[in-house]
Amino acid sequence: MFGFRFVKFQPSDYVLKVKNGKVVREGVGLSFHYYAPTTSVVVVPVSSIDVPFMFEEITNDYQTVTVQGQLTYRIVDYRKTTQILNYTYNLRKNTYLSDDPGRLAQRVINIAKVLTKKQLEQMPLREAIKSSERLAKTITQETGRNEEIEKLGIELMGLSILAIVPNKETLRALEAQAREEILRSADNALYERRNASIEQERRVKENELNTEIAVETKKKQIRETQLDAERSVKQKQNAMMEEQLSFDTALEEKKQELIGLTVANQRAEADAKAYELSAVMNSLQGVAPGVLQALTNVGMKPDKLIAIAFQELAENAGKIGQLNISPDLLQGLMGGSAGNGGNAARGGGGR
């Protein structure tokens, strides 16, 4: 009524009440009466503002990439901001009189874009695609030191880069190259697995051969030990045989000495008998043959006497006309009976 009105703001608004070109009241979430013809109100948001962005840049190797992200800022110095930008509020229409509040977000985006371009120009495509987190951290630090941000009276609370994406053709080429690298890595892994298997088989075979060599070496050692044992046995046997031969040689030498002594004794006995016989013969040289014959027959067995008798008969066979020998005599001669033989001889002589 008559130009006087009442207005109430939210706690998220910082309000400056200007009357006749001077700030008469300011604060957060104010409510007051005002006279419309002479009063104007400047409203600045207190809460943080999220601004998404997406722009294209070129990397060090002249590849175009699309950067997508979001930044968050808030106004910390309301006087500086309102001095540069028009935040005058139309209380009747509940809107700003100019589009400067919307341009603030674009200015912040432009600052982030310039800093992003500066960083991407120093990176090749592959590195740029993988540098989202590092790039966001670097841009946040440099934005905090930016003079324009300080003059605008704002503070960058955070900046995140969601993706750095190349164009479709480049992406397909990278995908193909990555696919080939993956396939090559798979082939290399397969080859390495095969080589490892071959190497393992070689080691197993080497171990088997080493085992066989060790077994053969052990067998050789065993055989050598056996041969040494056999050699020792043979040596002992040879020593025993040599001892036996030495003993036999000594025995034969003893036997030879004994034989020599025996021969000498027999020769001495023969010489003694020859001397005795020579002495007897010398003593019998003058004796008649009949006497010698009689002396020889003394003590002779009957059968021998009969034999001598037959010998004498044979010598005088020319003087004997007929000789009859009884069966008893022959039986006695054949049977070796001395008594019967004697009787038979006597009977035959009577006839």
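An account of the accompanying structure is given in this report. (Residues numbered from 1 in each chain as written. Predicted model: local features only at pLDDT ≥ 70, side-chain atom pairs only at ≥ 80, totals over all residues. Heavy atoms only, no water.)

Some remarks on the overall build of the protein
Step number 1: When helices and strands are tallied, the protein shows 10 helices and 10 strands.
Step number 2: When each of the 351 residues of the protein is scored for burial, the buried share is 23%.
Step number 3: Taking contacts inside the protein between residues at least 6 apart in sequence as the whole, the part at least 24 apart equals 61%.
Step number 4: When the accessible surface of the protein is split by element, carbon and sulfur atoms take 54% of a total near 25300 Å². (Helix = DSSP H or I, 4+ residues; strand = E, 2+ residues; numbered from the N terminus. Buried < 20%, exposed > 50% of the residue type's maximum accessible area, 1.4 Å probe, protein only. Contact = heavy atoms within 4.5 Å. Areas by Shrake-Rupley, 256 points an atom, 1.4 Å probe, with all protein chains shown as cover.)

Section: the sheet that holds strand β9 (residues 95-96)
Step number 1: One open sheet accounts for five strands, arranged β3-β2-β5-β8-β9; its pairing is antiparallel. In this open sheet, the two strands that pair with only one neighbour each are β3 (22-28) and β9. (Pairing = 2+ DSSP bridges.)

Side note on the nonpolar core
Within soluble globular proteins, side chains that are nonpolar tend to cluster in buried spots.
Step number 1: One finds Leu71, Tyr73, Leu104, Ile154, Leu159 and Ile161 to be the most contacted residues of the largest nonpolar core, which totals 38 residues.
Step number 2: With eight residues, the top contributor of residues to this core is helix α2 (residues 100-120).
Step number 3: If we ignore the near neighbours within four places in the chain, the residues touching Ile154 are Tyr73, Arg74, Ile75, Val76, Thr81, Leu104, Val108 and Ile149.
Step number 4: Residues Phe9, Phe32, Val41 and Leu91 belong to the second largest nonpolar core, which totals 10 residues. (Core = buried A, V, L, I, M, F, W, Y, C linked by side-chain atoms within 4.5 Å.)

So, a nonpolar patch on the surface
Step number 1: Among the surface-exposed residues, Leu277, Val280 and Met281 lie close enough to one another that they form a single nonpolar patch of about 270 Å² accessible area.
Step number 2: As for its position among the elements, Leu277 is in helix α6 (residues 168-283).
Step number 3: Residue Leu277 is classed as exposed on the basis of its relative accessible area, which comes to 52%. (Patch = residues over 30% accessible without salt bridge, like charges linked within 9 Å, V, L, I, M, F, W, Y side chains within 5 Å. Salt bridge = Lys/Arg side-chain N within 4 Å of Asp/Glu carboxyl O.)

A few points about helix α4 (residues 132-144)
Each α-helix winds once per 3.6 residues, and so residues spaced three or four apart point in a common direction.
Step number 1: Helix length check: α4, at 13 residues, gives a terminal C-alpha distance of 18 Å against a target of 18 Å (1.5 Å per residue), a fit within 8%.
Step number 2: Here α4 has its buried residues at Ser132, Leu135, Ala136, Ile139, Glu142 and Thr143. Around the axis of α4, the buried residues are gathered within 135 degrees of arc, so they sit on the same side. Exposed and oriented more than 90 degrees from the buried face of α4 are Glu133, Lys137 and Gly144.
Step number 3: Contacts made by the buried residues of α4 are with α2, α3 (125-129), α5 (147-152) and β10 (154-166). (Expected span 1.5 Å × (residues − 1). Arc of directions from axis to C-beta.)

Structural notes on the packing of α2 against α4
Step number 1: Two elements in contact, α2 and α4, have axes whose closest approach is 10 Å; the angle formed by their N-to-C orientations is 130 degrees. Judged by the angle between their axes, α2 and α4 are oblique. The two elements α2 and α4 meet at a crossing, and its hand is right-handed. Side by side, α2 and α4 meet where Ala112, Leu115, Thr116, Gln119 and Leu120 of the first sit next to Leu135, Thr138, Ile139, Glu142 and Thr143 of the second. (Axes fitted to C-alpha atoms, helices over the stretch in contact; angles between N-to-C directions. Parallel < 35°, antiparallel > 145°, perpendicular 65-115°, else oblique. Left-handed = near helix turned anticlockwise from the far one by under 90°.)

Topic: the side chain of Thr116
Step number 1: With respect to the helices, strands and loops of the structure, Thr116 is situated in helix α2.
Step number 2: Residue Thr116 is classed as buried on the basis of its relative accessible area of 2%.
Step number 3: Among residues more than four places away in sequence, those in contact with Thr116 are Phe55, Val67, Leu135 and Ile139.

Quick notes on the sheet that holds strand β7 (residues 64-75)
Sheet strands line up and pair through hydrogen bonds in the backbone, either parallel or antiparallel.
Step number 1: A sheet is described by the order of its strands in space; here three strands give the open sequence β6-β7-β10, paired in antiparallel fashion. Of all strands in the sheet, those bounded by a partner on one side alone are β6 (49-58) and β10. Strand-to-strand twist of the sheet, defined as the mean angle between neighbouring strand axes without regard to direction, takes the value 20 degrees.
Step number 2: Relative to β7, β6 is paired through 10 bridges, and the arrangement is antiparallel. Bridged to Glu57 within β7 is Val65.

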